[in-house]
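Architecture at a glance
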Amino acid sequence: MRIYNTLSGSKEEFIPLNSHGVKIYACGVTVYDYCHIGHARSAIVFDVIRRYMRYKGFHVTYVRNFTDIDDKIINRARQEGITWDVVAKKYTDEYYKDMDMLGVGRADIEPKATEHIQEIIDIVKGLIEKGYAYEIDGSVYFEVEKFTGYGKFSKRDKEEMLAGARVEVDERKKNPIDFALWKKSKEGEPSWDSPWGPGRPGWHIECSAMSLKHLGESFDIHGGGADLIFPHHENEIAQSEAFTGKPFARYWIHNGFITIDKEKMSKSLGNFFTIKEILDKFDPEVVRCFLLSTHYRSPIEFSDEQLREVESSIDRYYTTVIRIQDFLEKDGVKKESSNTEKAFEQTIVSFRERFEEAMDDDFNTALALGHIFELIRDVNRFLDSKPSGPQVNELLFKARELLMETGDVLNIFGRTPIEWYRSLMVTKKIGLTGEEICHRIKEREDARKRKEWAIADRIRKELEEKGIILEDKKDGTDWKVKTG
RNA sequence: GGCGGCGUACCCAAGUGGCUAAGGGAGAGGUCUGCAAAACCUUUAUGCAGCGGUUCAAAUCCGCUCGCCGCCUCCA
């Protein structure tokens, strides 16, 4: 398995510290507002990485934190006239709702900053003792100049940073780029007791404390959005390595951004969509598949049009599943096996290899999806050849299993076609019930028996206008929700 | 200004030295169908922003130019 490591700026063979266990820490969210689709991307990317690692047989310990105390939470609490912990609780709950919808699994450990105050204080104390940090008036800062490798990770010149940026106002830090480990609380702000008086943790220190506690001094993978590379991860490395004297994370994985009109989606620009807003219009599987249809490090341009296209492509999968089911239920006459059957068997045999090859290459989900859709086409082609023979059912069964198994790594394709259409009825706001549709189909079937085509066609058209497509098959008429 | 990334068909998107440049969506034509839908087949890049170079061989490596974006402040 090869992974692009931000640390080296190139793809590296992945070798876990421990041959069977992989330890992953991903930076989670600050719970002060609803999550937007960018948060979803990061969560889904690491969810897939973790799933694929498990698929490959690794025992994964996955840690993803919540930042539940920080300036933004305090500000939000002030705005809403409630306490900070109520804000944190509310948006943590909302986060879970969103992630559950999107099929993002819970991490094995989900630590919160405020549950690790003692660990944080211990590290800050240790850093002061080792001479890497200093206290000024109840706040503690990390002294960047003391840490030799500072800037290496984000490829910034430390000397230049130390010399420049003197715009800092009213700070008594030794150097403007020194960053807070512990912040003295102002009157009325939430605070915890510490050797330096009442205060709260700085932003970066919580991740050092929580990863150290739950994964140890050195672990395999650390990740998050690419905007965390500097200063967050640079600072985390400095703190952690200064404190433990050991190398921190071995592989650093960063996902790219979602863009709107080519610009980064962000809170400050206001060009964002919340997960809730999108899920009101699109099925979660569509969102998930959309986010996986581009390599995780590349930017993705968000648009409804793209989502609709993905919706149509997922429908292609479920339509094929229906075809397989119809075929398996028929259980036709058994004959000699044919050449098409042998070719199809080859496709199936090589499929898993191609899927893994794609995923092994820095989690290339876009390519993996390409292989999946290639298999779907081959299944359809095989079915069109009207195959018969002792092995046909077995092959189709195997193909369906492979699609579901690889889909499971991406956590897509996990439902039945019926569930898919039921969900589309809701997201596409089809103003009809299944019973009403069946009733119309029955009427149309009667008309067809009488060969009253005009009536039959009118019913078809009516339903289509409401978003329902009819499919006449040998033994009856099926319906589905129109996509795209 | 410093550092980094991107530019592949009508749209999205893999591919980063060598078989016919994946896959999805859209369009056109066809097979099938009472008509459809679905599926399949054919078709839409002698071409990978432009120019030059390295090489037997480049979308893929190097240089320059143009265009777009990100980080350098909180940020997934």
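Residues numbered from 1 in each chain as written. Chains lettered and ligands numbered in written order. Predicted model: local features only at pLDDT ≥ 70, side-chain atom pairs only at ≥ 80, totals over all residues. Heavy atoms only, no water.

This next bit is on the overall build of chain A. Assigned secondary structure in chain A consists of 16 helices and 15 strands. By the burial criterion, 51% of the 484 residues in chain A qualify as buried. Across chain A, contacts joining residues at least 24 apart in sequence account for 77% of those joining residues at least 6 apart. (Helix = DSSP H or I, 4+ residues; strand = E, 2+ residues; numbered from the N terminus. Buried < 20%, exposed > 50% of the residue type's maximum accessible area, 1.4 Å probe, protein only. Contact = heavy atoms within 4.5 Å.)

Turning our eyes to something else, we now look at the domain arrangement of chain A. Along its sequence, chain A is organised into domain 1 (2-280), domain 2 (307-415) and domain 3 (430-481). The distance between the C-alpha centroids of domain 1 and domain 3 comes to 55 Å. (Domains from an automatic or database assignment.)

The element strand S3 (residues 21-30) is extensively covered by neighbouring structure, given that seven of its ten residues are classed as buried. With eight bridges joining them, S3 and strand S4 (residues 59-67) adopt parallel strand pairing. Within S4, the position partnered with Val 22 by the bridge is Val 60. Of the crossover connections in this fold, the one passing from S3 over helix H1 (residues 37-55) to the parallel S4 is right-handed. Relative to strand S9 (residues 219-225), S3 runs parallel, the two being bridged by three bridges. Considered in S9, the bridge of Ala 26 is made with Gly 223. (Pairing = 2+ DSSP bridges. Right-handed = clockwise from strand over helix to strand, strands pointing away.)

Before going further, it helps to spend a moment on the sheet that holds S4. Strand order in the open sheet formed by four strands is S4-S3-S9-S10, with parallel pairing between adjacent strands. Because the sheet does not close on itself, it has two edges, and the strands there are S4 and strand S10 (249-255). Strand-to-strand, the axes of this sheet are offset by a mean angle of 20°, without reference to chain direction. Bridge count for S9 against S10 is six bridges, and the pairing is parallel. (Axes fitted to C-alpha atoms, helices over the stretch in contact; angles between N-to-C directions.)

A surface patch of negative charge is lined by Glu 145, Asp 157, Glu 159 and Glu 160. Inspection of the secondary structure assignment puts Glu 159 in helix H5 (residues 158-163). (Patch = residues over 30% accessible without salt bridge, like charges linked within 9 Å, V, L, I, M, F, W, Y side chains within 5 Å. Areas by Shrake-Rupley, 256 points an atom, 1.4 Å probe, with all protein chains shown as cover. Salt bridge = Lys/Arg side-chain N within 4 Å of Asp/Glu carboxyl O. Lys, Arg positive; Asp, Glu negative; His and termini not counted. Charge placed at Lys NZ, Arg CZ, Asp CG, Glu CD.)

Attention now goes to the protein's contact with RNA strand B. The environment of RNA strand B is made up of 51 residues, and the closest members are Lys 72, Trp 203, Gly 225, Asp 457 and Arg 460. Taking all atoms of RNA strand B within 4 Å of the protein, the share assigned to sugar and phosphate is 69%. Note that a phosphate oxygen of RNA strand B is positioned 2.8 Å from one of the side-chain N or O atoms of Lys 264. Glu 309 is positioned such that a nitrogen or oxygen atom in its side chain is 2.9 Å from a base nitrogen of RNA strand B. Mapped onto the surface near RNA strand B, the elements with two or more residues apiece are H1, S9, helix H10 (304-330), helix H12 (365-384), helix H15 (434-449), helix H16 (453-465) and strand S14 (468-473). With nine residues, H12 is the largest single contributor of residues to the surface near RNA strand B. A per-class count over the surface near RNA strand B returns twelve nonpolar, 19 polar and 20 charged. (Near = heavy atom within 4 Å. Polar contact = N/O pair within 3.5 Å; in protein donor to acceptor, adjacent residues only side chain to side chain. Nonpolar A, V, L, I, M, F, W, Y, C, P; charged D, E, K, R; others polar.)

Let us look at helix H3 (residues 84-102). Taking 1.5 Å of rise per residue, 19 residues should cover 27 Å, and H3 covers 27 Å from first to last C-alpha, within 8% of that figure. Every buried residue belonging to H3 is among Val 87, Ala 88, Tyr 91, Thr 92, Glu 94, Tyr 95, Tyr 96, Asp 98, Met 99 and Leu 102, and all of these are buried. In this fold, the buried residues of H3 make contact with S3, H1, S4, helix H2 (71-80), helix H8 (275-279) and helix H9 (284-292). Phi turns positive one or two residues past the end of H3, at Gly 103, with a value near 75°. (Expected span 1.5 Å × (residues − 1).)

So, about H9. A large share of H9 lies buried, amounting to nine of its nine residues. Within the span of H9, buried status applies to Pro 284, Glu 285, Val 286, Val 287, Arg 288, Cys 289, Phe 290, Leu 291 and Leu 292. A side-chain oxygen of the first residue of H9 lies 2.8 Å from the backbone nitrogen of Glu 285; this N-cap is Asp 283.

Within the structure shown, the criterion is met by 50 salt bridges. For Glu 311, the salt bridge is made with Lys 428, and the minimal N-O distance between the two is 2.6 Å. Here Lys 428 lies in the loop between helix H14 (417-427) and H15 and Glu 311 lies in helix H10, a separation of 117 residues in the sequence. Close ionic contact of Arg 458 with Glu 462 constitutes a salt bridge, the shortest N to O distance being 4.0 Å.

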